[in-house]
Amino acid sequence: MTGIPVPSPRSRLLPLLGQVALGLGTLAITLLGLLLITFVIARVVPTDPVLSIVGERATPAQIAAIRDKLGLDLPLWQQFLIYVRDAVQGDLGNSIRTGQSVTSEIARYFPATLELATLGTIFGTLVGVPAGVLAATRPGSIADQVVRVVGLMGYSMPVFWLGLIGLLVFYGQLDWVAGPGRLDPTYDMMMEFTLTSYTGMILIDAALNGAWDVFGNAVSHIVLPAGLLGYVSMAYISRMTRSFMMNELGQEYITTARVKGMPEWRVIWVHAMKNVAVPLITVIALSYAYLLEGSVLTETIFAWPGLGSYITDALFAADMPAVLGGTVVVGVAFVTLNMASDILYRLVDPRARA
Amino acid sequence: MNLLEVKNLRVTFATETGQVQAVRGVSFSLGHERLGIVGESGSGKTMTGRAVLRLVRPPGRIEADAMTFDGRDILHAPEREMRALRGKRIGMVMQDPKYSLNPVMTVGRQLTEGLRLRDGLGRADAAAKAIAALEAVQIRDPRRVMDAYPHELSGGMGQRVMIAMMLIPEPDLLIADEPTSALDVTVQAEVLSILDGLVRDRGMGLIFISHDLRLVARFCDRVLVMHKGLVVEEIEAAHLLEARHPYTRGLLNCLPRIGGPRGPLPVLDRAGI
């Protein structure tokens, strides 16, 4: 009975590889489903792609020629296959407004959103997790009440209002931060013409170029919108952390750690936190995904040229390829994040690896 | 001098509907012997054990006229002093290793953290001590168990790990709170004999909390019978089966006997207790 085989650390990682493969398979199927939906939407909505290209005074012959060029006379399933083939090769069609490839446009807009959402999530986690732990270890205390009220405000106050007030106070009155946009115009020109773009994320690119004045200006621009998104995600993360932590602190293994004479910081931040981390990973990933797709209002208020404002503008112009291309990218980001959190989850929780 | 002295211990929980007293004035003293505490669920036996370690979670409150361990006042001792006592001189084994071991830490880390953090031992020295402790609880493959996570162990193995963990600092007092209740009967016997041997060899004091009267009668020197937060009878374990108190008699009458009549078992008569 004492000879129960216990897997060696090396063999623990093997099933993990299998799960990554499985995850990639699921990813592919999910994306195929997503493409099918966007394809159907594109055929169902009452906008005529041909008409928006040729204009209202085109001759029937011109219309027919464009129809043929776009492949609209082929059977639907063939059109879908072509759509999938193109999408896999990174071709999401051309924008009707600009005539440019949607993929290259998104490649310019998405990094701005990624930069903002990532920074927001980092803020939210760095503040939200300690706040939640503080509240959980002193339930009913003043600290707990403060965390709860501040969190509730983040839940219930509309982002656009908070954003406007933030701009009014910190930019308009106090002049602590820079205003809307990603950079001041002069730095924008520098970024455009003299610096090499590696990622499209200004903070990273400026740092890689060693252009610290550009970096500083970018920080000054991003601090307010990222802080705002961080506040929203902090509200969610601190609440969840509080409830996860309360639950873990009631477990018997916590008593064991105390019986062993472990100091309180270790009981909370090592013994309990390792268990809290398991569900918390999913929460943070979800909140990150939410910021990636849902920061339209923030991007609008801060004139942030990100994916959210790209999709909104495209929507108002009935630019279907751009809208659907953006939707596909958001979908890919969402599914990828989910898979990443799944893998991380298994790394943290040995029980999920079996 | 006695190892542990408890006078009029009370554990109270403030709830919204008023005060609930889980322990209502328990007194006992303990030398280097085995003291059994028996009683039904809710009789306060577990809370008595945890109160000695001062590990009753809020809103629970511990009060007593006196509580001393090895001559030291552990009722008013600062938390820092209690932590030093807990890690080093008093240990506790709990009911179910499924819950009492941290599910996301390897057995090795849980066994060695006290040695490394408190005693400042290096990784290799701590591991060697932990492996020796696992061997002492008759685990055959200690190196592999060190790398295992609790869910990879059987209940019996988990409880041995728990015992090993508590015995590493060589405490003077071990509180065993239903250490075998979650285990299969055959495994129970193994774990008990391991516990028995270790306590005997090291001359520790033992508080053995259980609801199993026969087990306690066999395993302990002296028995406290608790009911509704009070000690109703204190008796030499050898004489437990001849106990006088109506509550103890009632409990004894409820035990099934091999070869006894097959009818329904008597129910504890709570009138007059």
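Residues numbered from 1 in each chain as written. Chains lettered and ligands numbered in written order. Predicted model: local features only at pLDDT ≥ 70, side-chain atom pairs only at ≥ 80, totals over all residues. Heavy atoms only, no water.

Naming follows an unreviewed UniProt entry, where chain B appears as ABC transporter ATP-binding protein of Tabrizicola soli. Taken from UniProt, the Sequence similarities (unreviewed entry) comment for chain B reads in full: "Belongs to the ABC transporter superfamily." In its Subcellular location (unreviewed entry) section, the UniProt record describing chain B reads: "Cell inner membrane". (UniProt positions renumbered as here; feature names shortened; annotations may be inferred.)

Labelled according to an unreviewed UniProt entry, chain A appears under the name ABC transporter permease, originating from Tabrizicola soli. Checking UniProt for chain A, the heading Sequence similarities (unreviewed entry) contains the comment "Belongs to the binding-protein-dependent transport system permease family." In its Subcellular location (unreviewed entry) section, the UniProt record describing chain A reads: "Cell membrane".

(A) Structural detail: the UniProt feature "transmembrane region" (unreviewed entry) in chain A. Residues and elements named next belong to chain A. The sites that UniProt annotates as "transmembrane region" (unreviewed entry) are residues 20-42, 116-137, 149-172, 218-237, 268-291 and 322-345. Helix makes up 100% of residues 116-137 and strand 0%, whereas the separation of the span's terminal C-alpha atoms amounts to 32 Å. Strand forms 0% of residues 322-345 and helix 100%; the C-alpha atoms that close the span are 34 Å apart. (Helix = DSSP H or I, 4+ residues; strand = E, 2+ residues; numbered from the N terminus.)

(B) Spatial organisation of the pattern of salt bridges. Counted under the stated rule, the structure contains 27 salt bridges over all chains. Glu-63 of chain B is paired through a salt bridge with Arg-61 of chain B; the nearest N and O atoms lie 3.3 Å apart. A relative accessible area of 26% means that Glu-63 of chain B is categorised as partly exposed. Where Asp-172 of chain B meets Arg-89 of chain B, a salt bridge forms, and the shortest distance between an N and an O atom there is 2.6 Å. You can see Asp-172 of chain B sitting in the loop between helix 7 (155-167) and strand 8 (173-177) and its partner Arg-89 of chain B sitting in the loop between helix 2 (79-88) and strand 7 (90-93), a full 83 residues away along the chain. Residue Asp-172 of chain B is classed as partly exposed on the basis of its relative accessible area, which comes to 22%. For Arg-89 of chain B, a relative accessible area of 21% puts it in the partly exposed group. Several salt bridges converge on common partners, so that one network encompasses Asp-144, Arg-148 and Arg-242 of chain A. (Salt bridge = Lys/Arg side-chain N within 4 Å of Asp/Glu carboxyl O. Buried < 20%, exposed > 50% of the residue type's maximum accessible area, 1.4 Å probe, protein only.)

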